[in-house]
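Observations on the model geometry
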Amino acid sequence: MFLKIIKNDFRRNKIVTMTVFVFITMSVILAASAINNIANLIQGISDFQESAVPAEITVMHAGEYDQAEIDQFTEQHRDHIAMQETMVLQNIDGSNIHFGQNQTMAGTIQDISFVVQNKKFDFILDLDNKKLDIKEGFVAVPIYFMEEHDLKIGDTLTVKSGGDEKEFVISDYARDFEMNSSLTSSKRFVINQNDYDEMQTGELEYLMEFKLHENGDSAAVQTAYIEAGLPANGPIIEGKIFMMFNALSDMAVAIVIILISIMLVLIATLCIRLTFLATIDEDIREIGVMKAMGISKKDIKKVYLNKYRVISVAAGMIGYLMSFAVVNLLNGNMRLYISSDFSGSLKYVLSLIAPFLVYFMIVMYCQQVLKRIDKISAVEALRKDSMEPRKDRKYSFPLLKNKFFSTNIYMGLSDVWKRFKLYRLLFVIFIVCTFIVILPINIYNTMNSPGFSTYMGIGKYDMRIDLRRTDRITEDFIKLQEELKNDSDIEKYAAYITSSYQVKNAEGSWDNINIEIGDFSIFPLKYLEGRAPEGEGEISLSFANAAKDGLNKRVGDEVTVKAGGEEQTLSITGIYQDITNGGKTAKAHTSLGVNEEAVLWYIVSMDMAQGVDIQAKMNYYQNAFDSAQVNDIKEYTQQTLGNIIDQMRPIVIGGIVIAVIIAVLITALFLRMLLAKDMSQIAIMRSVGLTSKNIKHQYMAGTMMVLILGIIVGVLASTYLGEFLVSMAMSSMGAAKIELVHVAWQTWLLCPLALILVVGFTISVCCKVTVEDDLSVVLRS
């Protein structure tokens, strides 16, 4: 009998049933896709790490070193260190690498190095995650540059330097566990040992890499390395930072999708509520008859509950299967940068969480809604037209005193006021729809904004020139500042020098830290706490450095820094945000002095005078200083975050599509419920002379008012709650307080207008279908 009742209910409510089915399916698809994406990421990172065998500790050094001392240190700490290998990097300026039609890699913010494959660990892989074995005359190009310059297998790269010229054919794309991400400032091109020996045209840099035993203590090894005075004039980097960089862009996508999935599950329950209320309201007399016949409450509820059990199971199965197709749209970046083989069974098991979770949430929620049946006796059900209790209320907006709106619009607005408890479900859903649209757009605009530079530990300016280590770097730095001083096109500039220093950590041992010195008042940062270092003996720390797992310091505390063998005690004046270099940087007053033995880079920032062509000025300085990297701030941000920005584009589009679908489905379901409840009232209005058009305008006015209020609250929520959620996600990277960028015409005009048009059309169609039913049928019922 119950199967027959359910079958008849499906036939009677085909449109509503299909709407609910599609909506639950969409919820499962997104939830399962997000879980699938995370499972693929876990598997991909694990496989990538297993094949690449990355170092747990990497020490960067430029200058002379004694490998025998490194070997001796390794033997002394065999209880921690399993293997040690030193990779030699031959740094080549981008302007010396030619390809295509007289194109070069000048202007890249990346340090380019040509290397030979390691023998023990830290292997650079091909796109099948196999160890690269490059033949003579060939080169493996990092994926970053393959995408940046659209390089193809078989293309030619020519390295020109000092009159020498070496030509390579691209044979592979290189996956590099340690330098894959655009957030790392270096990239490695892999060549054959014979080609490497013939080149010898670039500046040499060294990576002292250590592979630890499974129970090896990374902190102990780092401390011992520094105390031994071994070569380390560059940063010391732990392997977990490389893992975080590799996972960052795909994890950011997964987090946004999970957030949307959670909201969709929430909306799915509200969707079920609307449908239940409408269905039970229509069937209230039938419920009374069943109760009068002696059918138990449990069996009556089972009639309604079984329908949604069937829908949830079917939608869950279809959504689960479809998620494997949808996830391919999300993990293109992962397949390129991490792994192209996700054949493991983990994703199939974990993805099952989504349909089971959605099923149990919907069934439990249905059971809660169906408790309404318990409260109605058979007599009450047979006498009432609606489950909603009637209350005598006084309303303070009588029609006769209306002076601002037409009668139909006023009646629609008045209905919302009188029955706001009923409309609040729709109000919440419109808030969520707006949130799903606006938040991804704001994140995308923030990352594309020049102001995002403040989260990268740099001020806002027009152009920057990076000078990397060469034989004449100091002379170039002085010459550059003299030229800028005499250049009338430059409004202001500031020079900064970053060196590696030793700093005493919370345990009393020494760590390496990158400290930038210069005048930080010219291009000021926004500080989370305090201010920039302005006087002698002052320093400011990045958020990650000041955190408990860093130096564990606050504004006003002191920190001990060692430079040139001498210790200095510096007062902390401020804490700022920085997502570069693992988030751990610092800025100090020039009184600290430059650690000449460990200078990492020189940077000059500048603002152009009014009306100056920035691109022309960039070209001029790029030609004048061929070893420099010249970028405007937008290009610098784009090159650093380009991968994440590209990943956000489909999320923005997907959020808009999902929000529109939700708005259409929920509006249609809500109106079905509302019109079913109001059918007798509609019949009375039509019998006294109101046309279908008049009635439609009433419902449209009320629903549109709820939509507009929902949009306003949704935009505000995406601003304040959105900033909180994004800041939480970014705090692990070193940015604890993100201020999202709002493009007014997008957030307050374009997106709201699109929702208004879509919802308005839906209201018009739904009202037209319902209120024009045969009046005599309604009155007889």
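Described in the following lines is the structure provided in the data block. (Residues numbered from 1 in each chain as written. Predicted model: local features only at pLDDT ≥ 70, side-chain atom pairs only at ≥ 80, totals over all residues. Heavy atoms only, no water.)

Moving on: the packing of aromatic side chains. One pass over the structure, following the stated rule, counts 18 aromatic pairs. Plain terms: the ring middles of Y461 and F523 are 5.3 Å apart, the flat faces sit at 70 degrees to each other, and that makes the pair edge-to-face. Residue Y461 is located in the loop between α15 (420–448) and β12 (463–467), and its partner F523 is located in the loop between β14 (510–518) and β15 (527–530); the two are separated by 62 residues in the primary sequence. On the basis of relative accessibility, which here comes to 4%, the residue Y461 falls in the buried class. Ring geometry for F477 and Y602: centres 4.4 Å apart, planes at 45 degrees, overall tilted. Here the residue F477 occupies a position in helix α16 (residues 473–485), and Y602 occupies one in strand β20 (residues 599–608), the gap between them amounting to 125 residues. Over the face of the ring belonging to Y144 we find K187, whose NZ or CZ atom lies 5.2 Å from the ring centre. The lysine or arginine in question, K617, covers the ring of Y620, its NZ or CZ lying 5.5 Å from the ring centre. (Phe/Tyr/Trp six-rings, centres within 6.5 Å; stacked < 30°, edge-to-face > 60°. Helix = DSSP H or I, 4+ residues; strand = E, 2+ residues; numbered from the N terminus. Buried < 20%, exposed > 50% of the residue type's maximum accessible area, 1.4 Å probe, protein only. Lys NZ or Arg CZ within 6 Å of the ring centre and 35° of its normal.)

Bringing the pattern of salt bridges into the picture now. When the charged atoms of two side chains lie near each other, side chains of opposite charge can form a pair. Inspection of the entire model under this criterion finds 15 salt bridges. When the shortest N-O distance is used, the salt bridge between D133 and K135 registers 3.8 Å. In this structure, D133 and K135 share a single accessibility class: exposed. Notably, a salt bridge pairs D195 with K166, separated by 3.2 Å at the nearest N-O pair. Of this pair, D195 sits in helix α5 (residues 193–199) while K166 sits in strand β8 (residues 164–174), placing them 29 residues apart in sequence. (Salt bridge = Lys/Arg side-chain N within 4 Å of Asp/Glu carboxyl O.)

Among the residues making up helix α18 (residues 614–624), those that are buried are K617, M618, Y621 and Q622. All buried residues of α18 fall inside an arc of 135 degrees around its axis, so they share one side. For α18, the elements touching its buried residues are β12, α16, β13 (490–504), β20 and β21 (628–632). The opening residue of α18, the one whose side-chain oxygen lies 3.1 Å from the backbone nitrogen of Q615, is D613. (Arc of directions from axis to C-beta. Contact = heavy atoms within 4.5 Å. Polar contact = N/O pair within 3.5 Å; in protein donor to acceptor, adjacent residues only side chain to side chain.)

In this structure, L264, F452 and I662 are the most contacted members of the largest nonpolar core, which totals 90 residues. Elements represented by at least two residues in this core include exactly α2 (14–52), α7 (239–282), α15, β13, α19 (633–677), α20 (679–687), α21 (692–730) and α22 (744–771). When neighbours within four sequence positions are excluded, I662 is seen to be in contact with F23, M26, L264, I267, I429, C433, I436 and T667. Of all hydrophobic cores here, the second largest spans 50 residues; its members include V115, V116, L151 and V159. (Core = buried A, V, L, I, M, F, W, Y, C linked by side-chain atoms within 4.5 Å.)

Attention shifts here to the sheet that holds β8. What the 11 strands build is an open sheet, ordered β4-β3-β7-β8-β6-β9-β5-β2-β10-β1-β11; its pairing is mixed. Of all strands in the sheet, those bounded by a partner on one side alone are β4 (103–104) and β11 (236–238). Sheet topology places strand β6 (residues 138–142) next to β8; 5 bridges connect them, and they run parallel. Of the residues in β8, the one forming a bridge with V139 is I170. The strands that helix α3 (residues 67–76) touches are β2 (81–91) and β10 (203–212); relative to β2, the one it contacts most, it runs at about 155 degrees. (Pairing = 2+ DSSP bridges. Axes fitted to C-alpha atoms, helices over the stretch in contact; angles between N-to-C directions.)

Following the sequence through the fold, A628 ends up in strand β21. Judged by its relative accessible area of 2%, A628 falls in the buried class. The sequence separation of A628 and G107 amounts to 521 residues, and the corresponding C-alpha distance is 8.0 Å.

Shape descriptors only; they carry no functional weight alone.
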